[in-house]
Amino acid sequence: MKKYVLLTYGLVCAAGIYAQTKQGTIVYERKIDVHRHMQDEQMKAMVPQFQTANYDLVFKDSITVYKAAPKDDAPDPFDNGGGGGAHIVMRFNGPGDDGVLYKNFGSNQQLQESTLDDKKYIVTDSIKQPQWKLADETQTILNHVCKKATTTTERGSNVVAWYTEDIQVPAGPDRFCGLPGAILKIDIDSGSVVFTATDIQPKADTKDLKAPTSGKLITQADFQKKMDEVLGPADSKGKRIITKQN
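Residues numbered from 1 in each chain as written. Predicted model: local features only at pLDDT ≥ 70, side-chain atom pairs only at ≥ 80, totals over all residues. Heavy atoms only, no water.

(A) Molecular detail of the pattern of salt bridges. Under the definition given, this model contains seven salt bridges. A salt bridge links Asp97 to Arg30, with the nearest nitrogen and oxygen atoms 3.7 Å apart. Remark: Arg30 occurs in strand β1 (residues 23-33) and Asp97 occurs in the loop between β4 (86-88) and β5 (101-104); sequence separation between them is 67 residues. Of the charged contacts in the structure, one is a salt bridge between Lys148 and Glu137, with a shortest N-O distance of 3.2 Å. With Lys148 in strand β9 (residues 144-152) and Glu137 in strand β8 (residues 133-141), this pair connects stretches of sequence that are 11 residues apart. Take Lys148: its relative accessible area is 17%, and that puts it in the buried class. (Salt bridge = Lys/Arg side-chain N within 4 Å of Asp/Glu carboxyl O. Helix = DSSP H or I, 4+ residues; strand = E, 2+ residues; numbered from the N terminus. Buried < 20%, exposed > 50% of the residue type's maximum accessible area, 1.4 Å probe, protein only.)

(B) Structural view of the sheet that holds β1. The mixed open sheet is built from 12 strands, whose spatial order is β8-β9-β10-β11-β12-β1-β2-β3-β5-β6-β7-β13. Only two strands of the sheet have a single partner each, and these edge strands are β8 and β13 (216-219). When strand polarity is set aside, the average angle formed by the axes of neighbouring strands in this sheet is 25°. Looking at chain direction, β5 and strand β6 (residues 109-116) are connected through four bridges and run antiparallel. When the sheet's bridge partners are listed, Leu101 is paired in β6 with Gln112. Packing of helix α3 (residues 220-231) onto the sheet brings it into contact with β6, β7 (119-126) and β13, and relative to β13 it is tilted by some 95°. (Pairing = 2+ DSSP bridges. Axes fitted to C-alpha atoms, helices over the stretch in contact; angles between N-to-C directions. Contact = heavy atoms within 4.5 Å.)

The following block contains the structure:
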């Protein structure tokens, strides 16, 4: 009986510790099924099916900073620049790839560093929170019990999120946010793009929680117009595939 009482008390204490988590760093892996974004079978044969990248979400209280993790020096398998003819470079850039994505949930402010046509910008916007539908299903990720939520993006993508109330920050990877706890997994269109938390560190480096200052301020609407001018319009899912000629 004593062992049972002590074990129960230990579990209650552990739950209390998790419930107080308001700062730290979540490391995510983004996995993209590249072939699902391509229609040309010859192009599919030239690149691997999956592309992975890693990101850090640093958070403390109501402020978060999302950014790409440092890359190694290994050759990029998605840049087949050898030989003549078509030069296919696959780039799935998103928030955090050109700099930091800063969010202040207290003031509802979002600032994103972006580079376009060799010029640096700070894209200003309010924090857009999806209309989530909460569900009763759960799964455990990194020893945290996560609950399920679903939504549909403006471009029609189906999104399944898994969030934990153990970590009290309404943030997640990419632009996804607005749930009653940190999002530890995002699945877009049944495996087309998947973000999964691979590590959770208990402390946040405060020097990483600063708003970006390097770049010209521009609204999200004006930056989107510039992207269309420089890169051409996106497809129905917001993707741009550019083929360069050597």
